[in-house]
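What follows is the residue order along each chain.
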Amino acid sequence: MNERYSRQILFREIGREGQEKLLNSRVLLVGCGALGASHAEMLARAGIGKLRIVDRDFVEYTNLQRQTLFKESDAENRLPKAVAARNRIAEINSEPQVEAIIADVNNSNIGQLIAGCDLVIDGTDNFQVRYLLNDACVKNGVTWIYGAAVSSYGTTMTIIPHKTPCLRCIFDEMPDAGSSPTCDTAGVIMPIIAIVSATQVVEALKVLVGDFDSLHGSLMHFDVWSNDRQRIKLGGPNADCKCCGQGVYEFLDAESQEFSAVLCGRNAVQIAPPRSAELDLAALADRLKFSVAVRVNEYLVRFAVGEYEMTVFRDGRAIVKGTDDVSTARSMYARYVGS
Ligand SMILES: [Zn+2]
């Protein structure tokens with residue numbers, strides 16, 4: 001084992017044996033925004049053997065204030081976050097195998113994403129994906145670590161299926177769309193990201209080295225601006241919980257996926273074909289170049305039409321910026337991508 005991890009090995013609770021376990025671990029990181037980028041960096045530096053990073057978005061200048069892995073050239077080149085994260089991690093620690101997956105997490109791919117992973121760590125920014133993750137992880141018996149941050153406050157808890165409460169034991173119903181503040185409406189400062197991410201990642205390390213007694217066993221809440229910390233000790237799972245108590249996986253078993261989703265607070269709509277496709281981006285750019293100014297890279301095509309900006313990914317998804325109206329976005333998709 002190389003000297004890179006010597007200080008971590010000196011830390012008795014990890015030690016040589018724990019380091020060996022970390023090197024042989026595989027972690028799924030869902031969402032690579034502010035929390036996700038921070039998790040990714042810490043996990044990669046700690047020597048997690050395999051990291052699977054999934055994210056649907058690309059790097060923008062507004063991300064750089066808090067999303068530590070990314071740099072100006074990533075925003076300039078419109079790199080997908082999963083790819084930019086993989087590139088940066090390779091510079092930090094070339095040992096972990098990093099899989100960068102550019103995709104929207106939904107019930108058609110979540111099973112495949114979780115497969116073979118020892119742990120799932122939450123870096124998403126929305127409850128739809130978290131409830132889906134909760135269903136999938138409980139069903140498959142995979143530990144996952146919930147984390148959320150906005151403004152100056154954040155929350156985290158660690159979910160070990162059937163041993164601790166799951167997300168639905170605590171928050172039975174998903175909050176209504178638009179009812180919670182988001183980073184795009186309430187803003188966010190980086191220190192809360194660092195605290196929530198650090199709390200999630202240290203729990204991940206404990207789980208991966210098998211030190212379950214040291215887990216915090218709580219719903220943790222922090223507000224770094226008002227100097228508030230709360231720790232609500234959790235008991236066992238709730239027998240009445242739909243998910244872990246009754247085994248009803250509403251989100252995982254939902255019939256159909258929404259074709260489109262308003263990206264909360266971003267004045268943008270995502271259009272996703274029900275089944276992911278494999279678009280020929282160069283051909284699409286070729287078709288478009290006569291009517292609009294197109295930018296293309298290996299991962300996406302981007303162009304502007306009037307006040308709208310459209311980004312199309314290889315899996316057939318598109319993000320239409322400049323509107324929160326689904327039908328406008330759909331008609332843009334139909335006109336320029338075709339469906
Ligand atoms: Zn539950």
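Report on the accompanying structure. (Residues numbered from 1 in each chain as written. Predicted model: local features only at pLDDT ≥ 70, side-chain atom pairs only at ≥ 80, totals over all residues. Heavy atoms only, no water.)

Looking only at helices and strands, one finds 12 helices and 14 strands in the protein chain. Against the globule reference of 20 Å for 339 residues, the protein chain gives a C-alpha radius of gyration of 20 Å, in line with a compact fold. If you line up the protein chain on its principal axes, its C-alpha atoms span 65 × 50 × 40 Å. Looking at the protein chain as a whole, 52% of its 339 residues are labelled buried. The contacts in the protein chain between residues at least 6 apart in sequence include a share of 63% that link residues at least 24 apart. On the protein chain, the mean spot of the 36 positive side-chain charges and the mean spot of the 42 negative ones are 4 Å from each other. (Helix = DSSP H or I, 4+ residues; strand = E, 2+ residues; numbered from the N terminus. Rg over C-alpha atoms; globule rule 2.2 N^0.38 Å. Buried < 20%, exposed > 50% of the residue type's maximum accessible area, 1.4 Å probe, protein only. Contact = heavy atoms within 4.5 Å. Lys, Arg positive; Asp, Glu negative; His and termini not counted. Charge placed at Lys NZ, Arg CZ, Asp CG, Glu CD.)

Direction vectors running N to C along helix α2 (residues 15-23) and helix α10 (residues 190-209) enclose 100 degrees, while the axes themselves pass 9 Å from each other. Taken together, the axis directions place α2 and α10 in an arrangement best described as roughly perpendicular. On α10, the residues touching Gly18, Lys21 and Leu22 of α2 are Leu205, Leu208 and Val209. Class assignment for the residues of the contact of α2 with α10 results in four nonpolar, one polar and one charged. (Axes fitted to C-alpha atoms, helices over the stretch in contact; angles between N-to-C directions. Parallel < 35°, antiparallel > 145°, perpendicular 65-115°, else oblique. Nonpolar A, V, L, I, M, F, W, Y, C, P; charged D, E, K, R; others polar.)

Next up on the list: the side chain of Arg302. As for its position among the elements, Arg302 is in strand β12 (residues 300-305). Classification of Arg302 as buried rests on a relative accessible area of 6%. Excluding residues within four positions of it along the chain, Arg302 makes contact with Phe58, Arg78, Ala293, Val294, Arg295, Glu309, Met310 and Thr311.

A few words on the packing of helix α3 (residues 34-46) against α10. At their nearest, the axes of α3 and α10 sit 9 Å apart, and the two run at 45 degrees to each other. When the interaxial angle is binned, α3 and α10 end up oblique. For the crossing formed where α3 meets α10, the hand is right-handed. The segment α3 lies against α10, with Ala34, Leu35, Ser38, His39, Met42, Leu43 and Ala46 engaging Ile193, Val196, Ser197, Ala198, Gln200, Val201, Ala204 and Leu205. Looking at the contact of α3 with α10 residue by residue, the class counts come to 11 nonpolar, four polar and no charged. (Left-handed = near helix turned anticlockwise from the far one by under 90°.)

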